Every structure is written in structure tokens, then in C-alpha cells.
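Notes for the structure review
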Amino acid sequence: MNKFLIIQTAFTGDVVLATAIIEKLHSHYPGAQIDFLLRKGNEGLLQNHPLIKNLLVWDKQDHKNRNLLKIAWRVRKEHYTHIINIHRFSTSGFITFLSGAKHKAGFDKNPFSFCYTKKVKHIISAPYTQNFIHEVQRNQELIDDITDHDASLPQLYPGVADYDLVKQYQTVPYVCVAPSSVWFTKQFPKEKWIELISLLPASHAIYLLGAPADSLLADSILNGNLHKNVKNLCGTLSFLQSAALMQRAEMNYTNDSAPLHFASAINAPITAVFCSTVPAFGFGPLRENGRVVEIADRLYCRPCGLHGHKACPEGHFRCALEITNEQLLWWTSKTI
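In short, a report on the structure. (Residues numbered from 1 in each chain as written. Predicted model: local features only at pLDDT ≥ 70, side-chain atom pairs only at ≥ 80, totals over all residues. Heavy atoms only, no water.)

**Some points on the layout of surface pockets**
Unfilled space is identified by rolling a water-sized probe across the atoms. Put simply, the second largest pocket is a space of about 220 Å³. Contributing to the lining of the second largest pocket are 15 residues, with Tyr128, Thr129, Gln130, Pro279 and Glu294 lying nearest its centre. Taken together, the residues of the lining of the second largest pocket break down into nine nonpolar, two polar and four charged. (1 Å grid on protein atoms, 1.4 Å probe; cavity = no way out; pocket = protein on both sides within 12 Å on 5 of 7 lines; lining within 4 Å. Points joined across faces, edges and corners; volume = space filled by probe spheres on them. Nonpolar A, V, L, I, M, F, W, Y, C, P; charged D, E, K, R; others polar.)

Here you go:
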């Protein structure tokens, strides 16, 4: 029997996009065992996933190296036939190297790629390429020799309890806003969020989503807003509960960040605000009900990096500040 392990120990959004690999493998090998290895903190994303047998969790924060050896030893004892390593850094390569799997697939940028039986060149498209490669298609190249060339869509599976919990917020039409990002230059400014929310239909509730660490930002947005029905839910909902709430929203607003990929994984409407990064990097919406909003002009300094910065390198942050409300309100009939 085929026994697959998918490794993605990067950030939350990367794990969501990696779920497309689960879907594709299951469609071609319905009787196979599929396990997934991720970093501690992201396990809630795949909790009770119907296609995953075992979820392996690596604690990277506490005793990182000791825990790395433990998880590598566990992987080796499982005798996987296939390791699909989406992560591009040495720690996951080390686990793959020691796994003993006959088939080991990963990207060439991993320092342990010498041990792979299938090595794929990791390509990021040029910034303004029209026919760019999306991350799910990049990942699909790791398994196209054992499946096919067409990428599946990522999928998240909120449970009945998740849907039941968010019903309390669904008594009126609503919009979800995930205002935060790890990187400053990927985050739409607080003042711009306040301005946008103040223009959203008064008949709608506005829910601010994010981690507990995002609550301070959400409070400052709430306190500066003229809209009368804004609620800060940062830190009160799990990943899957947030996804369940987003699924039935009239619209979801996010940065180029993990909640954008939640929307793709549950087929929720999404307006993704791209500031310093560009969709051609391969992390935009995947469904027809998704739209990217970005500055109209091609700035000489944009993109300023693949992941963003803690401050605008040029000091003007035009890529965010010059995005207009007209662009963001494309889905409403409101005249501003």
C-alpha cells in the first residue's frame, strides 16, 4: 500500500495551499494512507481532516533541534513509501533525508535536495507576468509524475461544531475583514481599513478576524470607525471557525495573507488587497468569486520583495496608500 507523507512546516497560508496536494493524491490513490507534517500552531487547520490519517506536529519554538530529531525518527519508523516535501529549507530536507522513503520529492532550493528522487525547480514568475504560475501549480509539479499535471484546489473542512458556533454572527448580512499581516508592507494601513469600513453598507455587520496578537490593531480600527456595527473577533475564533464564518459572508477583505487562502479553500468571496507584493508571485485568489485589488500604476519600487518588509524601503508606501475605495467597493452598489 502507498503511504504518503506531505511536509509543509512553513506559515499558515502555505499549509492551506498545500491541502491541494492531499486532494490530488486522494483522487488518484483513494486507498492510500496520507499523513501530514506541519509546525505547532497550525494543527488546527487540519483537525479532523477526512483524508488525513495522522497529523504530525513539530514544535519549532521549544527545543527546536531536539524536537526535530524526534520528529525525524518518528517519520523514519513510519516507513513511508512517498515523501512530498513542499518546504524549501534544511530542516524539512533533513527529515526527508532520514526518512528511508523510496520516493522523495521536493524543490531544488532545499539544501538536502541531493537526496530527492524527484527534484523540481522552484520558479517564481516575474512581477507583472500575465500567465504566472500559482503556488498550487508549483506544488503540483512535485507529484505530476504520479498523478497528472492539473492542480486540485485547496480544501479546508470546518466541522459541524464550527458552523454551529458561528451561527450567532449570521443573523444579518455581514462582511469579514482580516486586517493584519506579519509584514508591515503587506498590510493595508489601519487608516485605510477605517475609511473602507465606514463606507460599507450600514445594514451589514462587520467582523474583524485574526489571531489574539491582532486584537490591538482590530480595537484601534473599531474605535476609529463610524460604522455602527463592527465587532472584534480576533483571538475568539479558531482557524476553522473563522473559515466557517467567512464562507457565508457577503464579502471578505484580506491582505496578501493566510485568510485569503482560507477563502480559496472554502469557496468564499474574497477581495485581496495587495500592497508591496504582486499576484504574479502566485498567491492570489483561486476561485471565480475572488478579486485582487492593487495600485493602478506600476511603481518602480514594487514589488520590494517576495515577503514584504517591516517598513516601506522608500518611505512613501504608495503601493498601499494609493489604493482607492472605488476599487475596494466593486461588489456593492454604494455611491461614494
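**Comments concerning the packing of helix H2 (residues 64-78) against helix H3 (residues 90-98)**
Closest axis-to-axis distance for the H2/H3 pair is 8 Å, and the angle between their directions is 35°. Note on packing geometry: the crossing formed by H2 with H3 is right-handed. Here Lys64, Leu68, Leu69, Ile71, Ala72, Val75 and Arg76 of H2 come into contact with H3, specifically with Thr91, Phe94, Ile95 and Leu98. Split into classes, the residues belonging to the contact of H2 with H3 amount to eight nonpolar, one polar and two charged. (Axes fitted to C-alpha atoms, helices over the stretch in contact; angles between N-to-C directions. Helix = DSSP H or I, 4+ residues; strand = E, 2+ residues; numbered from the N terminus. Left-handed = near helix turned anticlockwise from the far one by under 90°. Contact = heavy atoms within 4.5 Å.)

**Some thoughts on the sheet that holds strand S11 (residues 270-273)**
One open sheet accounts for six strands, arranged S9-S8-S7-S10-S11-S12; its pairing is parallel. At either margin of the open sheet sits one strand with a lone partner, and together these are strand S9 (230-232) and strand S12 (290-293). Going from strand to strand, the sheet's axes swing by 20° on average, the running direction of each strand aside. As paired elements, strand S10 (residues 251-255) and S11 share three bridges and run parallel to each other. By the bridge assignment for S11, Thr254 is matched with Ala272. (Pairing = 2+ DSSP bridges.)

**Some thoughts on the packing of helix H6 (residues 190-199) against helix H7 (residues 215-223)**
Where H6 meets H7, the axes come as close as 9 Å, and the angle between the chain directions of the two elements is 45°. Relative to H7, H6 is oriented oblique. Like other packed secondary-structure pairs, H6 and H7 cross with a definite hand, here right-handed. Judged by residue contacts, Lys190, Trp193, Ile194 and Ile197 of H6 engage Leu217, Ser220 and Ile221 from H7. Of the residues contributing to the contact of H6 with H7, the split by class is five nonpolar, one polar and one charged. (Parallel < 35°, antiparallel > 145°, perpendicular 65-115°, else oblique.)

**Points about the pairing of S11**
Because side chains alternate across S11, one face comprises the buried residues Ile270 and Ala272, and the other comprises Thr271 and Val273, equally buried. Bridge count for S11 against S12 is four bridges, and the pairing is parallel. Paired with Thr271 across the strands is Arg291, a residue of S12. (Buried < 20%, exposed > 50% of the residue type's maximum accessible area, 1.4 Å probe, protein only.)

**A closer look at unusual backbone geometry**
Negative phi values dominate among residues other than glycine, just as trans dominates among peptide bonds. Note the cis peptide between Arg302 and Pro303, where omega equals 0°. Position of Pro303 relative to the elements: it lies in the loop between S12 and helix H10 (318-321). Positive phi outside glycine occurs at His63, with the angle close to 50°. Tracing the sequence through the fold places His63 in the loop between strand S3 (55-58) and H2. Despite not being glycine, Phe317 shows a phi value in the positive range, around 55°. Relative to the elements of secondary structure, Phe317 occurs in the loop between S12 and H10.

**Digging into the side chain of Asn67**
Take Asn67: it is sitting in helix H2. The exposure class of Asn67 is buried, given its relative accessible area of 17%. With residues near it in sequence (within four places) discarded, Asn67 still touches Trp58, Asp59 and Asp62.

**Quick notes on the packing of aromatic side chains**
What the rule picks out here adds up to ten aromatic pairs. Residues Phe97 and Phe112 carry aromatic rings whose centres are separated by 5.8 Å and whose planes lie at 40° to one another, so their mutual orientation is tilted. Of this pair, Phe97 sits in helix H3 while Phe112 sits in the loop between strand S5 (103-107) and strand S6 (118-120), and the two are 15 residues apart along the sequence. The class for Phe97 is partly exposed, based on a relative accessible area of 40%. Here Tyr169 and Tyr207 contribute two aromatic rings whose centre-to-centre distance is 5.4 Å and whose plane-to-plane angle is 65°, an arrangement assigned as edge-to-face. Residue Tyr169 is located in the loop between helix H5 (160-166) and strand S7 (174-178), and its partner Tyr207 is located in strand S8 (residues 205-208); the two are separated by 38 residues in the primary sequence. As far as the burial class goes, Tyr169 and Tyr207 line up, both buried. Among the aromatic side chains, those forming a connected cluster through ring pairs are Phe94, Phe97, Phe112 and Phe114. Its guanidinium or amino end placed over the ring of Tyr80, Lys3 lies 5.4 Å from that ring's centre, counting from NZ or CZ. (Phe/Tyr/Trp six-rings, centres within 6.5 Å; stacked < 30°, edge-to-face > 60°. Lys NZ or Arg CZ within 6 Å of the ring centre and 35° of its normal.)

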